Amino acid sequence: MKITGAEFVKSAFNESHWTTDGLPEIAFLGRSNVGKSSLINSLLQRKGLARTSNTPGRTQSINFFLINETFYFVDLPGYGYAKVSKTMRADWGKMAEEYLSKRESLRLFIQLVDARHKPTELDKQLNEWLVFHQKNHLIVATKADKLSNNKLNKSLQEIEQALPESKIIAYSATTGKGRDALWREIENSL
Ligand code: GTP
Ligand code: MG
């Protein structure tokens, strides 16, 4: 897809802040620090559009990015960051689940997992939720550049075993590996 425009529109902390124009949305989900914001920047080839950081918990609101004036990328806060308070964790669950379950304009749920590790319990829970509710979704195994091809293939097999119902694409925001394949999926969903 040719990107003619990509702009940050707003941060939402509750339902009243969600966009209201009804344009289709693609959501990016996954644990804290897995690389959601980096993936958005990589797909759009715009450095720094979505804020990234080494510190987990960087993205704390639901952030809407308008692409080509026709659809949104939605960057969600990461889950599973042990150091946030219980209240914050509960808020994440409430905020994200409300959005994920209620939002009718969602066309595709992109769940990120780290290509180097087996999916965590929370990864599996989110995946089960997506499968159970028959959400159009796929898995992006990110940071693939950190593994040799051999190790990557092994790891992808393990991820497939843990999340057997879902299609998996290996990705690297550093090299752009997987970008074309992922864009095809996004275009198909729109
Ligand atoms: P939160 O907003 O805290 O939930 O994190 P996030 O999922 O948005 O992660 P973010 O994009 O901020 O990336 C976290 C760290 O991983 C940053 O230091 C990124 O540079 C790094 N990173 C993300 N994707 C890749 C990748 O594909 N390859 C490599 N080598 N590093 C990556
Ligand atoms: Mg982020």
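See the structure above.
Note that the structure is a prediction, hence the values are computed from the model and not measured.

Enquirer: Would you mind showing me how to read the sheet that holds strand β6 (residues 137-142) here?
Expert: Across a sheet, strands are paired by hydrogen bonds formed along the backbone, either parallel or antiparallel in direction. Read across the sheet, seven strands follow the order β1-β3-β4-β2-β5-β6-β7 without closing on themselves; strand pairing throughout is mixed. At either end of the open sheet lies a strand with only one pairing partner, and these are β1 (6-12) and β7 (168-170). Here the strands of the sheet are splayed against their neighbours by 25 degrees on average, with no regard to which way each runs. As defined by bridge partners, strand β2 (residues 25-30) adjoins strand β4 (residues 71-75) across four bridges and the pair is classed as parallel. Bridging from a neighbouring strand, Ala 27 pairs with Val 74 of β4.

Enquirer: I'm lost on empty space enclosed by the protein in this one. Help?
Expert: Unfilled space is identified by rolling a water-sized probe across the atoms. Going through the model one piece at a time under the given rule, you end up with one cavity of 30 Å³ or more. The computed volume of the largest cavity comes to approximately 30 Å³. Lining of the largest cavity is provided by Arg 31, Val 113, Asp 114, His 117, Lys 118, Pro 119, Thr 120 and Asp 123. Along the lines of polarity and charge, the residues of the lining of the largest cavity split into two nonpolar, two polar and four charged.

Enquirer: Help me out: how do you make sense of the packing of aromatic side chains in this one?
Expert: Each aromatic ring pair is specified by the distance between its two centres and by the angle formed by the two planes. Per the counting criterion, the structure on display carries seven aromatic pairs. With a centroid separation of 5.7 Å and 25 degrees between ring planes, the pair formed by Phe 73 and Trp 183 is classed as stacked. In this pair, Phe 73 sits in strand β4 while Trp 183 sits in helix α5 (residues 179-189), placing the two residues 110 residues apart along the sequence. Through a chain of ring-to-ring contacts, the aromatic side chains of Trp 18, Phe 64, Tyr 72 and Tyr 99 assemble into a single cluster.

What counts as what
- Residues numbered from 1 in each chain as written.
- Chains lettered and ligands numbered in written order.
- Predicted model: local features only at pLDDT ≥ 70, side-chain atom pairs only at ≥ 80, totals over all residues.
- Heavy atoms only, no water.
- Pairing = 2+ DSSP bridges.
- Helix = DSSP H or I, 4+ residues; strand = E, 2+ residues; numbered from the N terminus.
- Axes fitted to C-alpha atoms, helices over the stretch in contact; angles between N-to-C directions.
- 1 Å grid on protein atoms, 1.4 Å probe; cavity = no way out; pocket = protein on both sides within 12 Å on 5 of 7 lines; lining within 4 Å.
- Points joined across faces, edges and corners; volume = space filled by probe spheres on them.
- Nonpolar A, V, L, I, M, F, W, Y, C, P; charged D, E, K, R; others polar.
- Phe/Tyr/Trp six-rings, centres within 6.5 Å; stacked < 30°, edge-to-face > 60°.

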